[in-house]
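Close look at the chain arrangement
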Amino acid sequence: MLRTILLGPPGAGKGTQAVKIVEKYGVPHISTGDIFRENIKNGTELGKKAQEYMNKGELVPDDLVCDLATSRLLQPDCADGFLLDGFPRTVYQAEKLDEFLKEHDSRIDVVLNLAVEKEELITRLTGRRVCKVCGASFHIVSVPPREEGVCDFCGGELVQRPDDNLETVTNRIDVYDSQTKPLVDYYEKAGNIATIDGAADLDTVFGDIVKAIGE
Ligand code: AMP
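Heads up: these notes are all about the structure in this document.

What counts and what doesn't
Residues numbered from 1 in each chain as written. Predicted model: local features only at pLDDT ≥ 70, side-chain atom pairs only at ≥ 80, totals over all residues. Heavy atoms only, no water. Helix = DSSP H or I, 4+ residues; strand = E, 2+ residues; numbered from the N terminus. Rg over C-alpha atoms; globule rule 2.2 N^0.38 Å. Buried < 20%, exposed > 50% of the residue type's maximum accessible area, 1.4 Å probe, protein only. Contact = heavy atoms within 4.5 Å. Pairing = 2+ DSSP bridges. Phe/Tyr/Trp six-rings, centres within 6.5 Å; stacked < 30°, edge-to-face > 60°. Lys NZ or Arg CZ within 6 Å of the ring centre and 35° of its normal. Axes fitted to C-alpha atoms, helices over the stretch in contact; angles between N-to-C directions. Parallel < 35°, antiparallel > 145°, perpendicular 65-115°, else oblique. Left-handed = near helix turned anticlockwise from the far one by under 90°. Near = heavy atom within 4 Å. Polar contact = N/O pair within 3.5 Å; in protein donor to acceptor, adjacent residues only side chain to side chain. Areas by Shrake-Rupley, 256 points an atom, 1.4 Å probe, with all protein chains shown as cover.

**What about the overall build of the protein?**
- Helix and strand counts for the protein come out as 9 helices and 8 strands.
- In terms of overall dimensions, the protein is globule-like: its C-alpha atoms have a radius of gyration of 17 Å, near the 17 Å expected for 215 residues.
- Dimensions of the protein, computed from the C-alpha atoms along their principal axes, are close to 50 × 40 × 35 Å.
- Every one of the 215 residues in the protein was classed for burial, and the buried ones make up 45%.
- Across the protein, the fraction of contacts at a sequence separation of at least 24, relative to all contacts at a separation of at least 6, is 72%.

**Regarding the pairing of strand β5 (residues 128-131)**
- Pairing between β5 and strand β6 (residues 137-139): 3 bridges, direction antiparallel. By the bridge assignment for β6, Arg 129 is matched with Phe 138.
- As judged from the 2 bridges shared by β5 and strand β7 (residues 158-159), these two strands associate in the antiparallel manner. Residue pairing for β7: Cys 131 is matched across the bridge by Leu 158.

**Section: the packing of aromatic side chains**
- A complete count under the given rule lists 2 aromatic pairs for this structure.
- Between Tyr 186 and Tyr 187, the aromatic rings sit 5.0 Å apart at their centres with planes inclined by 85 degrees, giving edge-to-face as the arrangement.
- In this structure, Lys 20 is placed above the aromatic ring of Phe 206, and the distance from its NZ or CZ to the ring centre is 5.3 Å.
- The lysine or arginine in question, Lys 24, covers the ring of Tyr 25, its NZ or CZ lying 5.7 Å from the ring centre.

**So, the packing of helix α1 (residues 14-25) against helix α9 (residues 202-213)**
- Running from amino to carboxyl end, α1 crosses α9 at an angle of 50 degrees, the nearest separation of the two axes being 11 Å. Overall, the two elements α1 and α9 adopt an arrangement that is oblique. Considering the relative orientation of α1 and α9, their crossing is right-handed. Listed contacts from α9 to Thr 16, Gln 17, Lys 20, Ile 21, Lys 24 and Tyr 25 of α1 are Leu 202, Asp 203, Val 205, Phe 206, Ile 209, Val 210 and Ile 213.

**Let's talk about the site of the ligand**
- Surrounding the ligand, one finds 16 residues, the nearest of these being Thr 32, Arg 37, Glu 58, Gly 86 and Gln 93.
- In the environment of the ligand, an oxygen atom lies 3.3 Å from a nitrogen or oxygen atom belonging to the side chain of Arg 161.
- Protein contacts shield 96% of the accessible area of the ligand, which totals 480 Å² for the unbound molecule.
- With 4 residues, the top contributor of residues to the shell around the ligand is helix α2 (residues 32-41).

**Notes on the sheet that holds β6**
- As summarised here, the arrangement of the 3 strands in space is β6-β5-β7, forming an open sheet in which the pairing is antiparallel. The open sheet terminates on both sides in strands that have one partner only, identified here as β6 and β7.
- On top of the sheet, helix α6 (residues 118-126) reaches β5 and β6; it is set at about 40 degrees to β5, its chief contact.

So this is what it looks like as structure tokens:
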């Protein structure tokens, strides 16, 4: 059983580490950002509502996100644990999540806090390119695809996320500092947070995550 939250600013590597955690521990990966992007792609009402906030780098309203996340957590594949990525993002969301878990006799085992400096976040995010088809993530300098603009894994087209331009990235980091960073204190008080140096190489970061979770 592993019930965990990946916390950290945009660009800290949450998505990349999530893939490795899911592979090792077999828990479902719940990314509210991915759920919103899927809804935008499919043109749903939820997608339309979320898109206006996302494109500006602002947070989608708490109640919308909380309903979405808790209904996902009620699905049977979450019975033996889950990995939350990008949720909660405000103290209000964290309180709602705690209430929900308490009602279901559950709790968070460990919060994994990936820490990375602002300059590095900007470099990572503005250079990120993602595959339109399979979602794989590349970076124009540090993880370039074999052929420019083409996914190594499925041959799909690589594009920049609409919220990865410099202006939106800067806003997303500011929003993180003002609204999400207070969660570090929140979980420190709860006593179940592990802070990990997210600037190290991928395998070192993952090694530290495994140490924090336990084999
Ligand atoms: P992410 O893929 O986690 O970087 O999320 C992309 C965008 O989706 C964010 O910049 C927000 O606009 C929105 N979003 C995702 N998760 C949340 C959340 N927990 N609360 C509010 N907005 C969210």
